[in-house]
Amino acid sequence: MQNLKDAGCCAQTIEQICRLYGNGQIQDAIKMLRKHRCGLMDSLHESQERVDCLDFLVWRMEKEREREVL
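Reference entry: report on the structure contained in this document. (Residues numbered from 1 in each chain as written. Predicted model: local features only at pLDDT ≥ 70, side-chain atom pairs only at ≥ 80, totals over all residues. Heavy atoms only, no water.)

**Side note on helix α2 (residues 11-22)**
Between its first and last C-alpha atoms α2 spans 16 Å; for 12 residues at 1.5 Å apiece the expected length is 16 Å, and the two agree. Among the residues of α2, T13, I14, I17 and L20 are the ones counted as buried. For α2, the angular spread of buried residues about the axis comes to 135°, placing them on one side. For α2, the exposed residues set more than 90 degrees away from the buried face come down to A11, Q12, E15 and G22. Summarising the contacts, the buried residues of α2 are in contact with α1 (2-6) and α3 (26-69). In the segment just after α2, G24 is the residue with positive phi, at about 80°. (Helix = DSSP H or I, 4+ residues; strand = E, 2+ residues; numbered from the N terminus. Expected span 1.5 Å × (residues − 1). Buried < 20%, exposed > 50% of the residue type's maximum accessible area, 1.4 Å probe, protein only. Arc of directions from axis to C-beta. Contact = heavy atoms within 4.5 Å.)

**Looking at a negative patch on the surface**
On the surface, a cluster of negative charge is contributed by D42, E46, E49, D52 and D55. Looking at where E49 falls in the secondary structure, it is placed in helix α3. Residue classification places E49 among the exposed positions, given a relative accessible area of 53%. (Patch = residues over 30% accessible without salt bridge, like charges linked within 9 Å, V, L, I, M, F, W, Y side chains within 5 Å. Areas by Shrake-Rupley, 256 points an atom, 1.4 Å probe, with all protein chains shown as cover. Salt bridge = Lys/Arg side-chain N within 4 Å of Asp/Glu carboxyl O. Lys, Arg positive; Asp, Glu negative; His and termini not counted. Charge placed at Lys NZ, Arg CZ, Asp CG, Glu CD.)

**Things to note about the packing of α2 against α3**
One way to put it is that α2 packs onto α3 with a least axis distance of 7 Å and a crossing angle of 155°. Compared by their axis directions, α2 and α3 come out roughly antiparallel. Crossing handedness for the pair α2 and α3: left-handed. Contacts from T13, Q16, I17, L20 and Y21 in α2 reach I26, D28, A29, M32 and L33 in α3. (Axes fitted to C-alpha atoms, helices over the stretch in contact; angles between N-to-C directions. Parallel < 35°, antiparallel > 145°, perpendicular 65-115°, else oblique. Left-handed = near helix turned anticlockwise from the far one by under 90°.)

**Remarks on the nonpolar core**
The biggest cluster of nonpolar side chains holds six residues, and these are L4, C9, I14, I17, L20 and A29. Among the elements that take part in this core, α2 stands out by supplying three residues, more than any other. (Core = buried A, V, L, I, M, F, W, Y, C linked by side-chain atoms within 4.5 Å.)

**Describing the pattern of salt bridges**
According to the stated counting rule, one finds one salt bridge in the structure shown. Among the ionic pairs, K63 bridges to E66, the shortest N-O distance being 3.8 Å. Here the residue K63 and the residue E66 both occupy positions in helix α3, the gap between them amounting to three residues, near one helical turn. Here K63 falls in the partly exposed class, since its relative accessible area comes to 32%. For E66, a relative accessible area of 41% translates into the label partly exposed.

Encoded structure:
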């Protein structure tokens with residue numbers, strides 16, 4: 001349960017996964033875990049795109065500043 005909490009699962013998801021696992025529905029529990037993982041990966045990719053945008057903006061501003069110095 002702690003691992004699921006650490007992975008960002010809400011109480012309802014944790015309960016469902018534990019229930020499925022306890023009932024021997026291992027494949028369904030795995031399916032839920034993979035779904036949660038996909039959501040985390042989507043968030044990660046969105047955050048990476050935002051970081052890339054900021055990096056680009058900083059790069060352009062630095063280039064602009066360099067041109068002003070010359």
